[in-house]
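Residue-level structure breakdown
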Amino acid sequence: MNLLEHTQRIEEQLIAWRRDLHQHPELGFEEVRTATLVADTLRSFGIAVQTQVGKTGVIGTLGAGHPVIGIRADMDALPIQEANDVPYASAAPGVMHACGHDAHTAMLLGVARVLSELPDRPPGTVRFLFQPCEEKQDADGLSGASRMISDHALAGVDAVIALHIASEAPTGIVIIDDGPIHAAADAFEAVITGKGGHGAYPHQGLDPIYLLGLVIQAIYGIRSRRIDPTQPAVISIGSIHTGTASNVIPDEVRLNGTIRSLSDDIRAQLHTELEHAFAIVRPLGGDYQLTIQRGYPPLHNDATIAGAIRAASGEIVGAERTIRYGFSMGAEDFAYMTRTVPGAMCFVGAQIGSDMRPHHSPIFNIDENALKIGAAVLAQSAVRLLTQLAGQS
Ligand SMILES: [Zn+2]
Ligand SMILES: [Zn+2]
């Protein structure tokens, strides 16, 4: 069975859904129109629908009984003004599908249609997880995946899969790796306090800019001197604010940054080492306050499920176009799902010629030929997993 023939047959519809969603982007937890479109479309395929899961999420359930395969697509857009001059450009000022979640939603609708029409679909359940808000966390620090999980979206699920479109990989390439593929992403904010005064008499106060210089050295030394060299980790300072005049020593320095790692152990160590780096201001008479906001955990691909996706992709695009890439230090809230049940995410190339249209940029766009490929890889993987997991309990 090669489901590419099936997704090819609905290619026009896949493109139409994607363009409709692209034109009407909605920010995280505001996906009301998107969720309505998804729910109505699923119902038109005879699929049972549950709405308002994890605030604005939608679940479709096809089939019944064991095994249960979850397929997740995120639906949210970004606060970016689109710069593309295309007929389906965003109609919402300052909001744009600049990460490809419109394509993910369209592809999962395509998967739902193809699987619902498939006469010899193996027994079991396919749960379509249309997730809100991947790109940010709400006031409680929770993103769409966490909200869906709290609403029992993964209850009884044996395996969960997802894909992300990749605008900088050629169309026809599928990337699937085992183990950690995305980083834990935490943010920090800090204040270093000294004692301000006249720039001509630094000895009368305590210059927090001098303290900052020592702290920066200590922070940048963490990765090279304190972390196991074989373990990926990075701390980057993103902003530093202090001072108002050339001859005034300020009272304090404010800074923030990002902390990335691929394992829970290194993540914990980075937090401790960062605290130590700031603490060096205390013996010098200064003080500091450090706040770490925990973000998404590392995304871990289960080797068995990644293997099923790899085999499915081999059937769709060929084994030679199904490749490994390794990990990146980016982050993805699908990580919460793969921490809850075994799962894996693949990446589907969708580059327009040799254009560089980076994710999260105002010129982001994709080659729509990738829609049928991505939908086929997901559908074929789901069928494989239904068969593969049928023998297990
Ligand atoms: Zn994104
Ligand atoms: Zn994304």
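Residues numbered from 1 in each chain as written. Chains lettered and ligands numbered in written order. Predicted model: local features only at pLDDT ≥ 70, side-chain atom pairs only at ≥ 80, totals over all residues. Heavy atoms only, no water.

Quick notes on the overall build of the chain
Of regular secondary structure, the chain possesses ten helices and 16 strands. Against the 2.2 N^0.38 benchmark of 21 Å for 393 residues, the chain shows a C-alpha radius of gyration of 24 Å, consistent with a compact globule. In terms of overall dimensions, the chain has a C-alpha envelope of 85 × 45 × 40 Å along the principal axes. Across the 393 residues of the chain, 54% fall into the buried class. Within the chain, contacts between residues separated by at least 24 positions form 81% of all contacts whose residues are at least 6 apart in sequence. (Helix = DSSP H or I, 4+ residues; strand = E, 2+ residues; numbered from the N terminus. Rg over C-alpha atoms; globule rule 2.2 N^0.38 Å. Buried < 20%, exposed > 50% of the residue type's maximum accessible area, 1.4 Å probe, protein only. Contact = heavy atoms within 4.5 Å.)

What to know about the packing of aromatic side chains
Taken as a whole, this structure holds four aromatic pairs when the rule is applied. Each ring, one from Phe188 and one from Phe278, has its centre 6.3 Å from the other, and the planes form 65°; the classification is edge-to-face. You can see Phe188 sitting in strand 8 (residues 184-193) and its partner Phe278 sitting in helix 7 (residues 264-279), a full 90 residues away along the chain. For the residue pair Phe188 and Phe278, the accessibility class agrees, reading buried in each case. Their ring planes at 75° and their centres at 5.9 Å tell us that Tyr296 and Tyr336 sit as a pair that is edge-to-face. In this pair, Tyr296 sits in the loop between strand 13 (287-293) and strand 14 (299-301) while Tyr336 sits in helix 9 (residues 334-340), placing the two residues 40 residues apart along the sequence. One aromatic cluster in this structure is built from Phe188, Phe278 and Tyr288. Across the ring face of Phe29, the terminal group of Lys55 is positioned such that the distance to the ring centre comes to 4.4 Å. (Phe/Tyr/Trp six-rings, centres within 6.5 Å; stacked < 30°, edge-to-face > 60°. Lys NZ or Arg CZ within 6 Å of the ring centre and 35° of its normal.)

Observations concerning the packing of helix 2 (residues 11-23) against helix 3 (residues 32-44)
It is the contact of helix 2 with helix 3, at a shortest axis distance of 10 Å, that shows an interaxial angle of 160°. In terms of orientation, helix 2 lies roughly antiparallel with respect to helix 3. As for the relative orientation of helix 2 and helix 3, their crossing is right-handed in sense. Contacts between helix 2 and helix 3 involve Trp17, Asp20 and Leu21 from the former and Arg33, Thr34, Leu37 and Thr41 from the latter. Within the contact of helix 2 with helix 3, the residues separate by chemical class into three nonpolar, two polar and two charged. (Axes fitted to C-alpha atoms, helices over the stretch in contact; angles between N-to-C directions. Parallel < 35°, antiparallel > 145°, perpendicular 65-115°, else oblique. Left-handed = near helix turned anticlockwise from the far one by under 90°. Nonpolar A, V, L, I, M, F, W, Y, C, P; charged D, E, K, R; others polar.)

With respect to the coordination of the zinc ion (ligand 1)
Protein-derived ligands of the zinc ion (ligand 1) are Cys99 (SG), Glu135 (OE) and His360 (NE2), with the metal-ligand distances lying across 2.0 to 2.2 Å. Separation of the zinc ion (ligand 1) from the zinc ion (ligand 2) amounts to 3.1 Å, with Cys99 serving as a shared donor to the pair. Here Glu135 is found in the loop between strand 4 (124-131) and helix 5 (144-150), whereas its partner His360 is found in the loop between strand 16 (343-351) and helix 10 (369-390), with 225 residues between them in sequence. With relative accessibility at 39%, the residue His360 sits in the partly exposed group. (Donors = N, O, S within 2.8 Å, 3.2 Å for Na, K, Ca; no water.)

Re the pattern of salt bridges
Throughout the structure, instances matching the rule amount to 22 salt bridges. In this structure, the salt-bridge partner of Arg324 is Asp178, at a minimum N-O distance of 3.3 Å. Pair noted here: Arg324 is in the loop between strand 15 (322-323) and helix 9 and Asp178 is in the loop between strand 6 (174-175) and strand 7 (179-182), with a separation of 146 residues, a long-range link. Classification of Arg324 as exposed rests on a relative accessible area of 53%. (Salt bridge = Lys/Arg side-chain N within 4 Å of Asp/Glu carboxyl O.)

In short, the description is geometric, and any link to function would need to be established separately.
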